[in-house]
Amino acid sequence: MAKQPMLKFVTVGRDMPDKRTAEERREDFQEIYAEFAEQKAAEQAGRCSQCGVPYCQSHCPLHNNIPDWLKLTAEGRLQEAYEVSQATNTFPEICGRICPQDRLCEGNCVIEKSGHGTVTIGAVEKYITDTAWEEGWVQPIEPAADRPESVGIIGAGPGGLAAADVLRRAGVQVTVYDRYDRAGGLMTYGIPGFKLEKPVVMRRNEQLEAGGVTFVMNCNVGETIGFDEIREKHDAVIIATGVYKSRDLKGPGAGADGIVRAIDFLTASNRAVNFGDHVPEFESGELNAKGKRVVVIGGGDTAMDCVRTSIRQGATSVKCLYRRDRQNMPGSQREVANAEEEGVEFEWLTAPKAFKGDPVNAVVVQKMRLGAPDATGRQSPEPIEGAEYDEPADLVIKALGFEAEELPTLWGQEGLEVTRWGTVKAEFTSGKTSLDGVYAVGDIVRGASLVVWAIRDGRDCAEAVLSQFDGASAIAAE
Ligand code: FAD
Ligand code: SF4
Ligand code: SF4
């Protein structure tokens, strides 16, 4: 009888790929996890119990066929595992690296619930597609036949690129416009290299270009080219512009020099360190933590990226202020643990009340406590009267989350409906907006979300655009 490669969770413990030591990690911007060795990947994949109702799959936004590619990996059939994995995910190696798996697939793995430790789904997904790249199984798109229709996509982040991939595979003429010089959106300029090394994103951009997707970079729609002009050029338009307007700080001194936005700080770091670009604000020290006492305000994943970037840039101290406690923070616990290992200090239940000096030299910190639960059941933080102190700081980074820009006003599109949060109103399943032939996907629809959700939106939207084209050709043929 053939050897049973699965259901090993009772005898084989959960194991992640090796993590580099904190001392090593502090010195560079490379990813912190090594790759699984082949045998280790097979062994870890073999822990899966092949559930009849796989909760991992239902909690993956892409509904990836996880049990199947785990089984194929355990059997050493890696090319087939890759084929299954890429059938539902445009960028499996990217999701494997940066999805918050503890809140999605792995957090819902049945064997995790039974106390055996989750199957390391993300690490296996990354391993499969990294191997596929190494082996040359990932090839440029080659549509069976070209179609005459063209689609203009505004925004080269994961939402726009996922749509571009599906449409191009179907033979559609695709043009992606982006205001930046490199494609990838926040995968390129927001997320630091220690979570997602940049060559991993760049090779995807190159693959799309080699497959016939046209990129028009340094093209800020609304400035370089009008939205109406793009609409005239294409049979359908997809808006995938993301959200970039940061929530701001209030309080005396909040406008002082030395108080900067997380996105500016991270973009400067990604450009200067990962791409070697000339970034005057990084070189002048304005957006550089080297030799500074850094205070980061916020408790989400962006705040975690800022504290860990500051450490790597050579800050003398890095503190993170968050108004709730550790259990109630929005950021991933795995990232907090990584940050602590690297030397970040967390000051839970604290909020900035004012800022001293211009340039800033201290944050007046208000101590908080958790009060009664609000309507959602979450305890609201409230100030403890008289409990405040000065926290010395030379650089304060605001990482309080993002909100949508006033996009329709910007583009003068009266007919493009928005929500009261300033996001574009679109059908979740298709991305259709109130303007005929105009679709929207990703963060500009959901608000600040995740790469995996932007991919899902992009793929769904591309299918809806193809249905629009097929419907139009059917009518024309009647
Ligand atoms: P974006 O990635 O924002 O791409 C939008 C693109 O549109 C950009 O390239 C922009 O230049 C372009 N654009 C905007 N306006 C115009 C215009 N007028 N004309 C032309 N081009 C325009 N998610 C995860 O899943 N895991 C993580 O670990 C993670 N970490 C994050 C860390 C940080 C610091 C940040 C900020 C976000 C993080 N996210 C993470 C969230 C994730 O990056 C986003 O949800 C995702 O990138 C959204 O994809 P998108 O395609 O909608 O938009
Ligand atoms: Fe898990 Fe994300 Fe991969 Fe889905 S895409 S299986 S949620 S890591
Ligand atoms: Fe395997 Fe866990 Fe998914 Fe079940 S829930 S199929 S054990 S990965």
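Residues numbered from 1 in each chain as written. Chains lettered and ligands numbered in written order. Predicted model: local features only at pLDDT ≥ 70, side-chain atom pairs only at ≥ 80, totals over all residues. Heavy atoms only, no water.

Caption draft 1: Region of the structure containing the pattern of salt bridges. Inspection of the entire model under this criterion finds 39 salt bridges. Across the salt bridge formed by Glu-24 and Arg-20, the nearest N and O atoms sit 3.9 Å from each other. We classify Glu-24 as partly exposed; its relative accessible area is 41%. Residues Glu-340 and Arg-326 are paired through a salt bridge, measuring 3.0 Å at the closest nitrogen-oxygen approach. On the criterion of sequence distance, the pair formed by Glu-340 in helix H16 (residues 333-342) and Arg-326 in the loop between strand S8 (317-322) and H16 is long-range, its members being 14 residues apart. Via salt bridges that share partners, Lys-19, Arg-25, Arg-308, Arg-312, Glu-335, Glu-341 and Glu-342 belong to a single interconnected network. (Salt bridge = Lys/Arg side-chain N within 4 Å of Asp/Glu carboxyl O. Buried < 20%, exposed > 50% of the residue type's maximum accessible area, 1.4 Å probe, protein only. Helix = DSSP H or I, 4+ residues; strand = E, 2+ residues; numbered from the N terminus.)

Caption draft 2: Main features of the UniProt feature "domain: Dihydroprymidine dehydrogenase" (unreviewed entry) in the chain. The UniProt entry lists residues 25-136 under the feature "domain: Dihydroprymidine dehydrogenase" (unreviewed entry), expressed in the numbering used here. Note that residues 25-136 is 53% helix and 0% strand, and that its end C-alpha atoms are spaced 30 Å apart. (UniProt positions renumbered as here; feature names shortened; annotations may be inferred.)

Caption draft 3: Inspection of the nonpolar core at higher detail. Grouped together as the largest cluster of nonpolar side chains are 73 residues, with contacts concentrated most on Ile-94, Val-151, Ile-153, Leu-167, Phe-215, Ile-238 and Val-465. A per-element tally of this core places helix H19 (residues 451-477) first, with nine residues. With sequence-adjacent residues up to four places away left out, Ile-94 is seen in contact with Cys-99, Met-187, Leu-196, Val-200, Val-201, Arg-204 and Val-451. The next biggest cluster of nonpolar side chains, apart from the first, holds 29 residues, and it includes Phe-282, Leu-287, Ala-315 and Ala-339. (Core = buried A, V, L, I, M, F, W, Y, C linked by side-chain atoms within 4.5 Å. Contact = heavy atoms within 4.5 Å.)

Caption draft 4: A look at unusual backbone geometry. For the bond from Asp-358 to Pro-359, the omega torsion is 5 degrees, close enough to zero to count as cis. For Pro-359, the position within the fold is in the loop between strand S10 (350-356) and strand S11 (362-373). One non-glycine residue, Asn-218, lies in the positive phi region at around 55 degrees.

Caption draft 5: Representation of the site of ligand 1. Near ligand 1 you find 34 residues, and of these Ile-98, Asp-178, Lys-195, Tyr-244 and Asp-443 are the closest. Between ligand 1 and the protein, one listed contact pairs an oxygen atom with a backbone N or O atom of Leu-186 at 3.0 Å. Take Asp-443: an N or O atom from its main chain is 2.9 Å from an oxygen atom of ligand 1. For ligand 1, the protein covers 96% of the area, taking 1000 Å² as the surface of the free molecule. Elements represented by at least two residues in the shell around ligand 1 include exactly helix H9 (158-169), helix H15 (301-313) and H19. (Near = heavy atom within 4 Å. Polar contact = N/O pair within 3.5 Å; in protein donor to acceptor, adjacent residues only side chain to side chain. Areas by Shrake-Rupley, 256 points an atom, 1.4 Å probe, with all protein chains shown as cover.)

Caption draft 6: Structural view of a negative patch on the surface. A cluster of acidic residues, Asp-257, Glu-281, Glu-286 and Asp-358, forms a negative patch on the protein surface. Following the sequence through the fold, Asp-257 ends up in the loop between strand S5 (245-246) and strand S6 (259-261). Judged by relative accessible area, Asp-257 falls into the exposed class, the value being 52%. (Patch = residues over 30% accessible without salt bridge, like charges linked within 9 Å, V, L, I, M, F, W, Y side chains within 5 Å. Lys, Arg positive; Asp, Glu negative; His and termini not counted. Charge placed at Lys NZ, Arg CZ, Asp CG, Glu CD.)

Caption draft 7: Up close: the environment of Trp-453. For Trp-453, the position within the fold is in helix H19. Trp-453 gets classed as partly exposed once you look at its relative accessible area, which sits at 27%. For the pair formed by Trp-453 and Pro-199, sequence separation is 254 residues and the distance between their alpha carbons is 22 Å.

Caption draft 8: Geometry of the sheet that holds strand S9 (residues 345-348). Spatially, five strands are ordered S6-S13-S7-S8-S9 in an open sheet, and the strand pairing comes out parallel. Single-partner strands in this sheet number two, and they are S6 and S9. Pairs of neighbouring strands in the sheet enclose a mean axial angle of 25 degrees, with direction left out of account. Here strand S7 (residues 293-297) runs beside S8; their pairing, made up of five bridges, is parallel. Residue Ile-297 lies in a different strand from S8, and its bridge partner there is Leu-321. Each of S7, S8, S9 and strand S13 (395-398) is contacted by H15, which is oriented at about 170 degrees to S8, the strand it contacts most. (Pairing = 2+ DSSP bridges. Axes fitted to C-alpha atoms, helices over the stretch in contact; angles between N-to-C directions.)

Caption draft 9: Region of interest: the packing of aromatic side chains. Taken as a whole, this structure holds five aromatic pairs when the rule is applied. With centroids separated by 5.3 Å and ring planes inclined at 90 degrees, the aromatic side chains of Tyr-180 and Tyr-189 adopt a geometry described as edge-to-face. Between Phe-346 and Trp-348, the ring centres sit 4.9 Å apart and the planes meet at 10 degrees, which makes this aromatic pair stacked. The rings of Tyr-180, Tyr-189 and Phe-275 are connected pair by pair, giving a single aromatic cluster. Taking the ring centre of Tyr-244 as reference, the NZ or CZ of Arg-179 above it sits at 4.7 Å. It is Arg-312 that lies over the ring of Phe-194; its NZ or CZ is 4.0 Å from the centre. (Phe/Tyr/Trp six-rings, centres within 6.5 Å; stacked < 30°, edge-to-face > 60°. Lys NZ or Arg CZ within 6 Å of the ring centre and 35° of its normal.)

Caption draft 10: Main features of the packing of H15 against H16. Contact geometry for H15 and H16: axes closest at 10 Å, N-to-C directions at 20 degrees. Accordingly, the angle class assigned to the pair H15 and H16 is roughly parallel. Considering how the two elements wind past one another, H15 and H16 form a crossing that is left-handed. Two secondary-structure elements touch here, H15 through Asp-301, Met-304, Val-307, Arg-308, Ile-311 and Arg-312 and H16 through Glu-335, Val-336, Asn-338, Ala-339 and Glu-342. (Parallel < 35°, antiparallel > 145°, perpendicular 65-115°, else oblique. Left-handed = near helix turned anticlockwise from the far one by under 90°.)

Caption draft 11: Here's a closer look at the pairing of strand S4 (residues 236-239). Alternating positions in S4 separate into two faces, Ala-236 and Ile-238 on one and Val-237 and Ile-239 on the other, with burial throughout. As defined by bridge partners, strand S1 (residues 150-154) adjoins S4 across four bridges and the pair is classed as parallel. Residue pairing across strands places Ile-153 opposite Ile-238, the latter belonging to S4. Sheet topology note: the S4/strand S15 (residues 438-440) ladder contains three bridges and is parallel. The partner of Val-237 across the bridge, within S15, is Val-438.

Caption draft 12: Examining the sheet that holds strand S12 (residues 379-392) more closely. Taken together, three strands build an open sheet; the order of strands is S10-S11-S12 and the sheet is antiparallel. In this open sheet, the two strands that pair with only one neighbour each are S10 and S12. Between one strand axis and the next, the sheet turns through 20 degrees on average, direction left out of account.

Caption draft 13: Helix H4 (residues 66-74), seen in detail. Most of H4 sits inside the fold, with seven of its nine residues counted as buried. Listing the buried residues of H4 in full gives Ile-66, Pro-67, Trp-69, Leu-70, Leu-72, Thr-73 and Ala-74. Contacts from the buried residues of H4 go to helix H2 (38-45), helix H3 (55-58), helix H5 (78-88) and helix H8 (121-135). A positive backbone phi angle near 80 degrees is found at Gly-76, which sits one or two residues after H4.

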